[in-house]
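Architecture and fold: a report
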Amino acid sequence: MSNLAVLPILIPLLAGIFSAFINKKTKMVRIFSILVSIINLIVVSYIGYTIFQNGSIILETGGWKAPYGIVLVADMLSILLVITTNIIAVACIFFARKSLSQQQESFYFYTFFFFLITGVSGAFLTGDLFNLFVFFEVLLMSSYALIVLGGGKIQLRESIKYVLINLFSSILFVTVVSFLYSVVGTVNMAQIAERVQEVEQKGILTTIAILLFFVFATKAAVFPLYYWLPKSYIVPNPVVSALFGALLTKVGIYSILRVFTTIFVYEIDITHQFFLWLAALTMITGVIGALSTNNIKLIISYNIIPAVGFMLMGIGLYTEASISGSIYYLLHDMVVKGTLFLIVGAIVALTGTSDLRKMGGLIHHYPVIGWLFFVASLTLAGIPPFSGFIGKLLLLQEGLAQDQIAIVIIGLITSLLILFSMIRIFIQAFWGEKDDTITPNRVKSRAYAWPIAFLVAFSVFLGVGAEYVYPMVEDISAYLLDPSQYIDSVLKE
Amino acid sequence: MEIITSMLAGILFATGVYNLLQKQMLRIIIGTALLSHGAHLFILTMGKLKRGKPPILVEGVENYVDPLPQALILTSIVISFGVTSFLLVLAYRASLLNETDNMEELRGSDHE
């Protein structure tokens, strides 16, 4: 029964290895990847169902008892994120066959795609800090391979920066883990959480907490560590950008959420207050970046950053409602960022340019993509009844309740500016005079529209179906704020 | 002994960061390699250094070295080995295509 927890890691890993062998037969590998992604989605949904029915699944790998061996902890939060990851994976795999060139597919795209999913799922599921590092490396290694896929001049140039910054933060991660090991003598997250409460000199722990935050903040693109993100996310193929935008920064946010609700909760005044300031700065700088450019890929890419700010704000406020807001926003943002990167990828592929000033009147040629983009923009900006609204409402309400007026105002202004940056794309690219010289490529646009519509539908469900999703999120939030539940479930004495 | 190795790790970190801030690509890669050596040495030190003891726990052996840091280092070394070799290839290709290995010239502009 507990072996279920390893399946979300094992299935994509095996699929990745197998697809490397049949790589030469492009058609076969396509069908194979689509089948495996769908099967994986069904399997993780089933695991999710069992977890919500019967509670967390703990797997002690290799039969080693909890604090000594590596544990996989599939609790409600992890499995919900794994399910969302797999939904995005399914949409991306359908999009990939239309958007990648034959040559790019033959450079083991599917293999690295599955390894990326392995790494992301593993990072969500692991209950061991060093193992988290290992899964970070798994997903980073596959992301390195994916980002250079195709290998253009600019692409390679930006990849180097991406690899270097991630390599640096990974080295720092190892160092911090060894620091923590020397203080508490364990790398099992539950046991760390237990022992942190007993350590008498909290000063060293706060240092470690901030260092660890620095590591995760680099991955999550929090101010001032976001500068590497926008440019490196726009150079690869749209599918790869969508995967990165939807999954990679969110793994960083998830790690912050996990570590700073389970382990480092003894000095909320210092660490969490610090988060609030960073959240505010992240929102402002990100949205200014989005307004500063005419490159539509870059606009979407910059819009990742304010979203990270919103999620960090919820962690900083540290109440039940604000944590649920963060989790809701996290789920919403994974889906909507994936959607937007795919739409923008489709627009760029159809028009041949990413410069906003050279576009216009696209709605006459591609109405479906146009309206999908409109819905996705409203979702991103948080217009009711779409899903961004619910997360933001929870966060801002709680901010007011906690008397953090400054950040609430900044949050509201940011939302408005996000809406402005998205509507600017809609007005300039989609509205305008019909250009009769262009012959629309309807077959191609239809192929692009299906996976996007799938994600938009899911995103709309997150908003309209909040009645079903919100109780789950509320449970998770209560569970996160009571670390003893996590500790007890892992180290069942 | 711990103090000496910690200082050595510190020196490795310092030289690593210094190299990381250089403009030439190869130096940057050497910098990351030095940094990872520093980190590995650090893990070893954190598990406490005791000379001549086996890292095993069996009946009869009462004095043993903590085996966990050694396992962690091994994992970490393998990973940094892989990443470094990847980085070397990437840097080679990127400098060939861009016709420079100076990071200053690889900054890129907003209008492309």
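Nothing here was measured: the structure is a model prediction, and the numbers come from that model.

**Examining the environment of arginine 442 of chain A**
All names here are of chain A. Examined against the element boundaries, arginine 442 turns out to sit in helix α20 (residues 442-464). When the C-alpha atoms of arginine 442 and histidine 365 are compared, they prove to be 8.1 Å apart, with 77 residues separating the residues in sequence. Each residue touching arginine 442, except ones within four places of it in the same chain, is listed here: His364, His365 and Pro367.

**A look at the layout of surface pockets**
Vacant regions in the atomic arrangement are exposed by a probe of water-molecule size rolled over the atoms. Within this model, the largest pocket holds a volume of roughly 1400 Å³. As for the largest pocket, its lining consists of 42 residues, and the residues nearest its centre are Arg157, Glu158, Lys161 and Lys231 of chain A together with Arg107 of chain B. Going through the elements one at a time, α7 (153-184), α10 (229-234) and α13 (296-302) of chain A together with α1 (2-20) of chain B are the ones with two or more residues in the lining of the largest pocket. Among the residues making up the lining of the largest pocket, the classes are represented as 18 nonpolar, 13 polar and eleven charged. Taken together, the elements giving at least two residues each to the lining of the second largest pocket come down to α6 (129-147) and α8 (189-196) of chain A together with α3 (67-98) of chain B.

**A few points about the nonpolar core**
Residues and elements named next belong to chain A. Formed by 218 residues in total, the largest nonpolar core has its most connected members in Phe109, Leu129, Tyr162, Phe173, Phe264 and Ile369. Here this core gets 18 residues from one element, more than from any other, and that element is helix α15 (residues 320-351). Among all residues touching leucine 129, those that are not within four sequence positions of it are Phe173, Val177, Leu180, Val187, Met189, Ile192, Leu212 and Val259.

**Some words on unusual backbone geometry**
Note: most peptide bonds trans; most residues except glycine with negative phi. Residue and element names in this part refer to chain A. With an omega of -5°, the peptide bond running from phenylalanine 223 to proline 224 counts as cis. For proline 224, the location among the structural elements is in the loop between α9 (202-220) and α10. We note that alanine 221 has phi near 65°; this positive angle belongs to a residue other than glycine. Residue placement: alanine 221 occurs in the loop between α9 and α10. Residues other than glycine seldom take positive phi values, yet aspartate 403 does so here, at roughly 65°. Residue classification places aspartate 403 among the exposed residues on the basis of a relative accessible area of 62%.

**Brief notes about the side chain of glutamate 105 of chain A**
Residues and elements named next belong to chain A. Looking at the secondary structure, you find glutamate 105 in helix α4 (residues 102-106). Assessed through its relative accessible area of 2%, glutamate 105 is described here as buried. A distance of 2.7 Å separates the side chain of glutamate 105 from the side chain of tyrosine 110, its partner in a polar contact.

**Some points on the interface of chain B and chain A**
Listed by partner, the interface residues are 36 residues for chain B and 31 residues for chain A. Around 3000 Å² of area is buried between chain B and chain A when both sides are counted, 80% of it from carbon and sulfur atoms. It is Met46, Val83 and Leu90 of chain B in chain B that bury the most area against chain A; as a group they hold 17% of the surface buried on that side. Applying the counting rule to chain B against chain A returns zero salt bridges. Scanning the region where chain B abuts chain A turns up five residue pairs in polar contact (both at pLDDT 80 or more).

**Brief notes about the side chain of serine 76 of chain B**
Among the secondary structure elements, serine 76 of chain B is positioned in helix α3. Dropping the residues within four chain positions of it, serine 76 of chain B is found in contact with Phe130 and Val174 of chain A together with His40 of chain B.

**What about the pairing of strand β1 (residues 57-60) of chain A?**
All names here are of chain A. Every second residue of β1 is oriented toward a common face, with Ile57 and Leu59 on one face and Ile58 and Glu60 on the other, all of them buried. With four bridges connecting them, β1 and strand β2 (residues 71-74) associate as antiparallel partners. Its bridge partner lying in β2, isoleucine 57 is registered against alanine 74.

**Remarks on the UniProt feature "transmembrane region" (unreviewed entry) in chain B**
The UniProt entry lists residues 6-21, 28-47 and 67-92 of chain B under the feature "transmembrane region" (unreviewed entry), expressed in the numbering used here. The span residues 28-47 of chain B shows a helical share of 95% and a strand share of 0%, and its end C-alpha atoms are spaced 29 Å apart.

**Concerning the confidence of the model for chain B**
Counting all residues, the mean pLDDT for chain B is 86, and 94% of those residues have values of 70 or more. Element-level pLDDT for chain B is lowest in α3 of chain B, with a mean of 91, against a maximum mean of 93 in α1 of chain B.

**As for helix α5 (residues 109-125) of chain A**
Across its 17 residues, α5 of chain A extends 24 Å between first and last C-alpha, which sits within 8% of the 24 Å expected from 1.5 Å per residue. The buried fraction of α5 of chain A amounts to 15 of the 17 residues, a majority that puts the element mostly inside the structure.

**Notes on a nonpolar patch on the surface**
A contiguous nonpolar patch, built from Leu10, Leu13, Leu14, Ile17, Phe18 and Phe21 of chain A and spanning about 570 Å² of accessible area, is present on the exposed surface. Within the secondary structure layout, phenylalanine 18 of chain A lies in helix α1 (residues 7-21).

**Thoughts on empty space enclosed by the protein**
Evaluation of the coordinates by the stated rule reveals seven cavities of 30 Å³ or more. In this structure, the largest cavity encloses a volume near 90 Å³. Residue lining of the largest cavity: 13 residues in total, with Phe133, Ile171 and Val174 of chain A together with Ser76 and Ser80 of chain B positioned closest to the centre. Those elements that place two or more of their residues in the lining of the largest cavity are α6 and α7 of chain A together with α2 (25-46) and α3 of chain B. Tallied by class, residues from the lining of the largest cavity come to seven nonpolar, five polar and one charged. In this structure, the second largest cavity spans a volume of roughly 60 Å³. Lining the second largest cavity are Phe136, Leu139, Leu140, Tyr162, Asn166, Lys219, Trp228, Tyr233, Leu248 and Thr249 of chain A. Broken down by secondary-structure element, the contributors of at least two residues to the lining of the second largest cavity are α6, α7 and α11 (238-262) of chain A. Sort the elements by how many residues they give to the lining of the second largest cavity and α6 of chain A lands first, with three residues.

**Notes on the pattern of salt bridges**
Residues and elements named next belong to chain A. One pass over the full model with this rule turns up nine salt bridges over all chains. For the salt bridge of glutamate 158 with arginine 157, the shortest nitrogen-to-oxygen distance reads 3.1 Å. Take glutamate 158: its relative accessible area is 5%, and that puts it in the buried class. Since its relative accessible area comes to 8%, arginine 157 is described here as buried. We note a salt bridge from glutamate 158 to lysine 161, for which the minimum N-O separation is 3.5 Å. Of the two residues, glutamate 158 and lysine 161 are both situated in helix α7; the distance of three residues between them amounts to about one turn of the helix.

Cut-off values and rules
Residues numbered from 1 in each chain as written. Chains lettered and ligands numbered in written order. Predicted model: local features only at pLDDT ≥ 70, side-chain atom pairs only at ≥ 80, totals over all residues. Heavy atoms only, no water. Helix = DSSP H or I, 4+ residues; strand = E, 2+ residues; numbered from the N terminus. Contact = heavy atoms within 4.5 Å. 1 Å grid on protein atoms, 1.4 Å probe; cavity = no way out; pocket = protein on both sides within 12 Å on 5 of 7 lines; lining within 4 Å. Points joined across faces, edges and corners; volume = space filled by probe spheres on them. Nonpolar A, V, L, I, M, F, W, Y, C, P; charged D, E, K, R; others polar. Core = buried A, V, L, I, M, F, W, Y, C linked by side-chain atoms within 4.5 Å. Buried < 20%, exposed > 50% of the residue type's maximum accessible area, 1.4 Å probe, protein only. Polar contact = N/O pair within 3.5 Å; in protein donor to acceptor, adjacent residues only side chain to side chain. Buried area = accessible area lost by both parts, 1.4 Å probe. Salt bridge = Lys/Arg side-chain N within 4 Å of Asp/Glu carboxyl O. Pairing = 2+ DSSP bridges. UniProt positions renumbered as here; feature names shortened; annotations may be inferred. pLDDT = per-residue confidence, 0-100. Expected span 1.5 Å × (residues − 1). Patch = residues over 30% accessible without salt bridge, like charges linked within 9 Å, V, L, I, M, F, W, Y side chains within 5 Å. Areas by Shrake-Rupley, 256 points an atom, 1.4 Å probe, with all protein chains shown as cover.

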